[in-house]
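Each chain, letter by letter, is given below.
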2 protein chains.
Amino acid sequence: MTVQANKRVNGQRLWDSLMQMAKHGETPKGGVCRLALTDVDKAGRDLFVAWCEQAGLSITIDKIGNIFARRPGKNNDLAPVIMGSHLDSQPTGGKFDGVYGVLAGLEVIRSLNDMNYQTEAPVEVAVWTNEEGSRFAPAMVASGVFAGVFDLDYGLSRADLDGKTMGEELARIGYAGTADVGKRKVGAYFEAHIEQGPILEAENKTVGVVTDAQGQRWYEITFTGQEAHAGPTPMPRRKDALLGAARVVAEVNRIGLKYQPYACATVGLMQIHPNSRNVIPGRVFFTVDFRHPDDAILAAMDAELREATAKIAAEIGLENDFTQIWYYAPIKFDETCVAAVRKGVEDLGYSHRDMVAGAGHDACYLSQVAPTSMVFIPCIDGISHNEIEMATPEWVEAGCNVLLQAVVAKANTITVKATD
Amino acid sequence: MTVQANKRVNGQRLWDSLMQMAKHGETPKGGVCRLALTDVDKAGRDLFVAWCEQAGLSITIDKIGNIFARRPGKNNDLAPVIMGSHLDSQPTGGKFDGVYGVLAGLEVIRSLNDMNYQTEAPVEVAVWTNEEGSRFAPAMVASGVFAGVFDLDYGLSRADLDGKTMGEELARIGYAGTADVGKRKVGAYFEAHIEQGPILEAENKTVGVVTDAQGQRWYEITFTGQEAHAGPTPMPRRKDALLGAARVVAEVNRIGLKYQPYACATVGLMQIHPNSRNVIPGRVFFTVDFRHPDDAILAAMDAELREATAKIAAEIGLENDFTQIWYYAPIKFDETCVAAVRKGVEDLGYSHRDMVAGAGHDACYLSQVAPTSMVFIPCIDGISHNEIEMATPEWVEAGCNVLLQAVVAKANTITVKATD
């Protein structure tokens, strides 16, 4: 009961839809600025809903603005297979991150309509609110509420820099729905996404079969030394907080290189006080982002960082305020979902490889409440969160064809009831 | 023809004057915020001028707001001996940096009045406008105009962050004088100042005989790599601009330590782009401040920095935009002025050591047009440009006694005419 591999989605329609959606928030540099729950995001949502209604889907909006567009199955007592991602973007985002997963889902359903093919279980496309976290922190907040990781009240009370909350903004743009968030069975969840990294393109592979998502540990470190004049303060008497932070940057890099091929280790943010050319920095705040798919190795990286930081601080005479602010366990995606994706790729004959997702995705939270996996396609030069983010029409179509195969296979074999 | 060493200044009066002046711009933390040409700076200038008039001095203000308070000598054809420094402070400055040199000069004159002692050459106290450079860059701009380093128009056109120029602000607060800037002979220049470093206090010395000022080379470096997502971007594929900058910080420190005891090497300012926790920094701008009293060593430090920067950039794959933005040759202060200070210290019996000035001072520019030297006193923990900047009444008095000796000795032996 699969869709035959010679049945394909309409790649041109999918590409056109991506380009039309990209007009909402388009930037002069060719990217997209569609921050969550702005007027531009409302326009994007409205377009998506209109398309879904044209495709005969019924729309449900939950209390945190997640949109579900449903195509009935033969047996509507079965839990639905959901495809989805997000429509919001980074402030200088691109045309694919998130929106590809949403519109690939819609294209799967449009193609099923074209084929007049009915799945056993219902199939839905989901739009998750505020995945990026650019306007309202944290990221992935609405899929997190759906999965029970956050309370609904917490999600609705997230505020932007002007103090406007997600709850207020949902009401303002007309996307404060009435459906309960979560609290229903999901048969399986699939998310198509650009890789946001360079591996597929570098290895000339068209599709990534995502087996795992990396665990993450995020840290905030403040080194405090002694602010002093860069001229009359002899080198041996200094307590230079930036020198300490610089040594930690080097250690973070060393730790990342030590645990290859998977480890990622990054200092992305640093604030220097007072940040004046001729003053020895007295205080430096910086962050560390560690990622690895193996929790034991992530713990080893953590231990090495703590040891290195303490040693460097002691050598220079710095106070060391060290906090792990976030821990996110590695995720192994559901074997049956991964197998469905892999079979789809193999049946279609695309070049492929198994992959570990490096970034956070709504799929990471969904995996806590439903069998889940992801389909990756390449992006040019691995560049994402950037207005020049780009994928080719061929990759876009290939990932959607794989999604079609995996979703249909799963929707035809699910036995779990919506009421289980 | 010297003032006998048993003649001392009135230390209590000097201390009281410092504390009274510190009320103009006093901060809750016990420091001073008296930015150049603000209302608070005007109030400080007015107080100084009032004190000078009470001491019988004649006031001249030049076109860039430098104030000269003159006590006639026996022979007023001789070029004057000038003492001075600045009244403006850092935004979070202290009670001594700059103002000590001005009020020590005034106290020398008040004491000469008390002694009814007349010098051969006239003696003046100078207040130089905008030494700190906190409100209007660059620093030491008005003494620089006096010394012919900068044009008057350049000086007057310096603007603060609100676009207000020094010329406008001088006119507003009533300190746009009519006297030409510079263009007159200075017999000698002496500047008393807190050390702004920890050496004197650490070695338990009361007075620093300043023989040299360090040369300086300032650099601006921009490393450009590739901004990318911290999760899906493998370590070996990264071009992390912050990693490059961090390695340069370590190299700058290594170079500074290599050329001890005098070298100072500092990265004080760094700006990371985009400065986001989960984005590999694509661009980092940072500065380097090198100082050494020996020009040849300063050149060697320069060469090592250029080599290290190029090597690091090449290893990581970064573009390296490297500019030396300022070169300031080392200064050897005038032998006769240094000798006058040293004889004063020895006659008075204070513990002392020769010193190299690490910071920039108005004396550095004055040394280009007049025989010049400086007198340093300790400051607690070497802390300056800070609200907790502090010196003891004993140090303050000792430095002023030395200034008295040196100035009188010089004023009594000058032969150069004011019209030379």
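Scoring rules and cut-offs
- Residues numbered from 1 in each chain as written.
- Chains lettered and ligands numbered in written order.
- Predicted model: local features only at pLDDT ≥ 70, side-chain atom pairs only at ≥ 80, totals over all residues.
- Heavy atoms only, no water.
- Least-squares fit on C-alpha atoms with pLDDT ≥ 70 in both.
- Contact = heavy atoms within 4.5 Å.
- Helix = DSSP H or I, 4+ residues; strand = E, 2+ residues; numbered from the N terminus.
- Polar contact = N/O pair within 3.5 Å; in protein donor to acceptor, adjacent residues only side chain to side chain.
- Expected span 1.5 Å × (residues − 1).
- Buried < 20%, exposed > 50% of the residue type's maximum accessible area, 1.4 Å probe, protein only.
- Axes fitted to C-alpha atoms, helices over the stretch in contact; angles between N-to-C directions.
- Parallel < 35°, antiparallel > 145°, perpendicular 65-115°, else oblique.
- Left-handed = near helix turned anticlockwise from the far one by under 90°.
- Nonpolar A, V, L, I, M, F, W, Y, C, P; charged D, E, K, R; others polar.
- Domains from an automatic or database assignment.
- Buried area = accessible area lost by both parts, 1.4 Å probe.
- Salt bridge = Lys/Arg side-chain N within 4 Å of Asp/Glu carboxyl O.
- Core = buried A, V, L, I, M, F, W, Y, C linked by side-chain atoms within 4.5 Å.
- UniProt positions renumbered as here; feature names shortened; annotations may be inferred.
- Phe/Tyr/Trp six-rings, centres within 6.5 Å; stacked < 30°, edge-to-face > 60°.

- Under an unreviewed UniProt entry, chain A has the name Zn-dependent hydrolase and belongs to Telmatospirillum siberiense.

1. Comments concerning the relation of the copies chain A and chain B
Both copies of the chain are related by a screw-like operation: a rotation about an axis and a shift along it.
Okay, so step 1: Least-squares fitting of chain A to chain B yields an RMSD of 0.2 Å, with the superposition described by an axial translation of 0.2 Å and a rotation of 180°. Between the two chains, the operation in question is that of a two-fold axis. Closest to the rotation axis within chain A is the C-alpha of A246 of chain A, separated from it by 2.2 Å.
Okay, so step 2: Taken as a fraction of all interface residues of chain A, those also at the interface in chain B reach 98%, which identifies the copy contact as same-surface.

2. Overview of the side chain of S85 of chain B
All names here are of chain B.
Okay, so step 1: Considering the arrangement of structural elements, one finds S85 in strand β3 (residues 81-85).
Okay, so step 2: Of the polar contacts made by the side chain of S85, one reaches the backbone oxygen of G98; its length is 3.3 Å.
Okay, so step 3: Within the structure, the side chain of S85 is placed 2.8 Å from the side chain of E191, a separation counted as a polar contact.
Okay, so step 4: For S85, the contacting residues outside a window of four places in its chain are G98, G101, V102, A126, V127, W128, Y189, E191, H193 and D362.

3. Details of helix α3 (residues 99-115) of chain A
All names here are of chain A.
Okay, so step 1: With 17 residues, α3 extends 24 Å between its outermost C-alpha atoms, agreeing within 8% with the 24 Å of an ideal straight helix rising 1.5 Å per residue.
Okay, so step 2: Here α3 lies mainly inside the structure; 14 of its 17 residues are buried.
Okay, so step 3: Directly beyond the C-terminal end of α3, a positive phi value near 55° is found at N116.

4. Points about the packing of helix α2 (residues 39-54) of chain A against α3 of chain A
All names here are of chain A.
Okay, so step 1: Their axes nearest at 10 Å, the elements α2 and α3 cross at an angle of 10°. Here α3 runs roughly parallel to α2, going by the angle between their axes. The handedness of the crossing between α2 and α3 comes out as left-handed. In contact with F48, W51 and C52 of α2, α3 contributes V102, L103, L106 and R110.
Okay, so step 2: Looking at the contact of α2 with α3 residue by residue, the class counts come to six nonpolar, no polar and one charged.

5. Some words on the side chain of E124 of chain A
Okay, so step 1: Tracing the backbone through its elements, the reader meets E124 of chain A in strand β4 (residues 123-127).
Okay, so step 2: Discounting residues that sit within four places of it in the chain, E124 of chain A has contacts with F68, A69, R70, P80, V81, I82, M83, I109 and R184 of chain A.

6. A closer look at the domain arrangement of chain A
Residue and element names in this part refer to chain A.
Okay, so step 1: Under the domain assignment, chain A is made up of domain 1 (11-214 + 330-411) and domain 2 (215-328).
Okay, so step 2: A separation of 35 Å is found between the C-alpha centroids of domain 1 and domain 2.
Okay, so step 3: Listed as interface residues are twelve residues of domain 1 and, on the opposing side, eleven residues of domain 2.
Okay, so step 4: Together domain 1 and domain 2 conceal approximately 840 Å² of surface at their shared face, both sides included; 54% is due to carbon and sulfur atoms.
Okay, so step 5: On the domain 1 side of the interface with domain 2, the three residues burying the most area are Q214, P330 and V356, jointly 66% of the side's total.
Okay, so step 6: The tally of links between domain 1 and domain 2 comes to zero salt bridges.
Okay, so step 7: Between domain 1 and domain 2 we count one residue pair in polar contact (both at pLDDT 80 or more) in total.

7. Quick notes on the environment of I280 of chain A
Okay, so step 1: Inspection of the secondary structure puts I280 of chain A in strand β11 (residues 279-280).
Okay, so step 2: For I280 of chain A, a relative accessible area of 1% puts it in the buried group.

8. Side note on the nonpolar core
If you look at soluble globular proteins, the nonpolar side chains tend to sit buried side by side.
Okay, so step 1: The biggest cluster of nonpolar side chains holds 101 residues, and the ones touching the most others in it are L18, F48, Y100, L103, F190 and V396 of chain B.
Okay, so step 2: Looking at this core element by element, the count peaks at eleven residues for helix α12 (residues 393-411) of chain B.
Okay, so step 3: When sequence neighbours within four positions are dropped, the list of residues in contact with F190 of chain B reads V81, I82, M83, G84, C337, A340, V341, S373, L403, A406, V407 and K410 of chain B.
Okay, so step 4: Listed in part, the 100 residues of the second largest apolar core include I67, A104, L106 and W128 of chain A.

9. Brief notes about the pattern of salt bridges
Okay, so step 1: According to the stated counting rule, one finds 50 salt bridges over all chains in the structure shown.
Okay, so step 2: Note that E251 of chain A is salt-bridged to R254 of chain A, the shortest N-O span being 3.1 Å. Note that E251 of chain A and R254 of chain A are positioned in helix α8 (residues 241-258) at a spacing of three residues, about one turn of the helix.
Okay, so step 3: In this structure, R254 of chain B and E304 of chain B form a salt bridge, with 3.1 Å as the shortest nitrogen-oxygen distance. Pair noted here: R254 of chain B is in helix α8 (residues 241-258) and E304 of chain B is in helix α9 (residues 295-316), with a separation of 50 residues, a long-range link.

10. Quick notes on unusual backbone geometry
Okay, so step 1: With an omega of 0°, the peptide bond between A137 of chain A and P138 of chain A qualifies as cis.
Okay, so step 2: The topology assignment puts P138 of chain A in the loop between β4 and α4 (141-146).
Okay, so step 3: Geometrically, the link from H273 of chain B to P274 of chain B is a cis peptide bond, its omega value of 0° lying close to zero.
Okay, so step 4: Considering the arrangement of structural elements, one finds P274 of chain B in the loop between β10 (270-273) and β11 (279-280).
Okay, so step 5: Positive phi, close to 60°, is recorded for D381 of chain A, a residue that is not glycine.
Okay, so step 6: Summarising the element assignment, D381 of chain A is placed in the loop between β16 (372-377) and α12 (393-411).
Okay, so step 7: Assessed through its relative accessible area of 54%, D381 of chain A is described here as exposed.

11. Some remarks on the UniProt feature "binding site: Zn(2+) 1" (unreviewed entry) in chain A
All names here are of chain A.
Okay, so step 1: Under the present numbering, the feature "binding site: Zn(2+) 1" (unreviewed entry) in UniProt falls on H86, D97 and H193. Across 108 residues in sequence, these annotated residues keep their C-alpha atoms within 10.1 Å of one another, forming a single compact spot.
Okay, so step 2: With respect to the helices and strands, the residue H86 is situated in the loop between β3 (81-85) and α3.
Okay, so step 3: Once residues lying within four places of it in the same chain are set aside, the contact partners of H86 are D97, G98, V99, V102, W128, E131, E132, H193 and D362.
Okay, so step 4: With respect to the helices and strands, D97 occurs in the loop between β3 and α3.
Okay, so step 5: With residues up to four places along the chain from it excluded, the contact list for D97 reads H86, D88, E132, H193, I194, Q196, S384, H385 and E389.
Okay, so step 6: A polar contact is formed between the side chain of D97 and the side chain of H193, at a distance of 2.9 Å.

12. Section: the interface of chain A and chain B
Okay, so step 1: Contact with chain A, which involves 56 residues of that partner, is made by 55 residues of chain B.
Okay, so step 2: Carbon and sulfur atoms supply 61% of the area that chain A and chain B bury against each other, a total of about 4700 Å² over both sides.
Okay, so step 3: Between E220 of chain B and R277 of chain A there is a salt bridge, with the nearest N and O atoms lying 2.8 Å from each other.
Okay, so step 4: The tally of links from chain A across to chain B stands at twelve residue pairs in polar contact (both at pLDDT 80 or more).
Okay, so step 5: Contributions of two or more residues to the side of chain A that touches chain B are made by α7 (199-202), β7 (215-224), α8, β9 (264-266), β10 (270-273), β11 and β12 (283-292) of chain A.
Okay, so step 6: Here the side of chain A that touches chain B takes nine residues from α8 of chain A, the largest share from any one element.
Okay, so step 7: Broken down by class, the residue content of the side of chain A that touches chain B amounts to 28 nonpolar, 19 polar and nine charged.

13. Examining the packing of aromatic side chains
Residue and element names in this part refer to chain B.
Okay, so step 1: Across all of its chains, the model carries 26 aromatic pairs over all chains by this definition.
Okay, so step 2: Note on W15 and F96: the rings are 5.8 Å apart at their centroids and 40° apart in plane angle, and the pair reads as tilted. Linking W15 in helix α1 (residues 11-21) with F96 in the loop between β3 and α3 (99-115), this pair joins segments that are 81 residues apart in sequence.
Okay, so step 3: On the basis of relative accessibility, which here comes to 16%, the residue W15 falls in the buried class.

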